[in-house]
Amino acid sequence: PWLVTTVLPQAPDITLVRDNTVLGSCAGPGEVELFSDPGDQGETYLGTAQCDDGAPHEFSVSVALPSDRFVTAIYTDTSDQSSGFSVPRPIPYEP
């Protein structure tokens with residue numbers, strides 16, 4: 001019998017949420033989808049950003065950010081494998 005294992009990519013890291021801008025990093029080149037939610041999932045789609053090819057792989061996107069919610073993200077690599085949701089970050093978030 002065959003044993004198939006799939007290792008999902010690491011979720012993106014949101015490093016800043018401020019003034020309608022979301023910054024972060026991801027495991028490699030690919031795409032990041034951003035969401036807002038009152039918790040830790042993806043209730044409302046906000047937009048998409050590309051993770052660059054440089055090291056570290058970073059993304060930046062300008063989106064309208066609702067107040068009193070959290071931003072989460074999902075990363076999809078160039079092989080179309082998607083991560084789980086990132087750690088939710090409050091709006092605004094400046095570590």
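Note: the structure precedes this text.
It should be emphasised that the depicted structure is a prediction, and the values quoted were computed from it without experimental measurement.

Reading the values: rules and limits
- Counting starts from 1 at the beginning of each chain's written sequence and moves along it residue by residue.
- Since the coordinates come from a predicted model, pLDDT governs what is reported: local features require at least 70, and pairs of side-chain atoms require 80 or more to be given and counted, while whole-chain, interface and lining totals use all residues.
- Neither water nor hydrogens contribute to the side-chain values; these are computed over all heavy atoms in the structure.
- Working definition: helices are DSSP H or I runs of at least four residues, strands are E runs of at least two. Numbering for both runs from the N terminus.
- The reference for a compact globule is 2.2 Å times residues^0.38; the radius of gyration itself is calculated from the C-alpha atoms.
- Burial classes: relative accessible area under 20% of the type maximum marks a residue as buried, over 50% as exposed, and values in between as partly exposed (1.4 Å probe, protein chains only).
- Only the protein chains shown count as covering a residue, and every accessible area follows the Shrake-Rupley method with a 1.4 Å probe.
- Think of it this way: DSSP has to see at least two bridges between two strands before they count as a pair.
- Angles run from 0 to 180 degrees between N-to-C directions of axes, and those axes are lines fitted to C-alpha atoms, restricted for helices to the stretch in contact.

Engineer: Can you help me understand the overall build of the protein chain in this one?
Structural biologist: The secondary structure content of the protein chain amounts to zero helices and seven strands. Along the protein chain, helices (α) and strands (β) appear in the sequence β-β-β-β-β-β-β when read from the amino end. A globule of 95 residues ought to have a C-alpha radius of gyration of about 12 Å, and the protein chain, at 14 Å, matches this closely. Structurally, the protein chain occupies a C-alpha span of about 50 × 30 × 20 Å along its principal axes. Sorting the 95 residues of the protein chain into buried and exposed places 39% on the buried side. Accessible surface computed for the protein chain: about 5,600 Å², of which carbon and sulfur atoms make up 51%.

Engineer: Explain the sheet that holds strand β5 (residues 57–62) to me, please; I cannot follow it from the model alone.
Structural biologist: Read across the sheet, three strands follow the order β1-β2-β5 without closing on themselves; strand pairing throughout is antiparallel. Edge positions in the sheet fall to β1 (13–18) and β5, since each has one partner strand and no second. For this sheet the average axis-to-axis angle between neighbouring strands, irrespective of direction, equals 15°. As defined by bridge partners, β1 adjoins strand β2 (residues 21–26) across five bridges and the pair is classed as antiparallel. Pairing of aspartate 13 across the sheet is with serine 25, part of β2.

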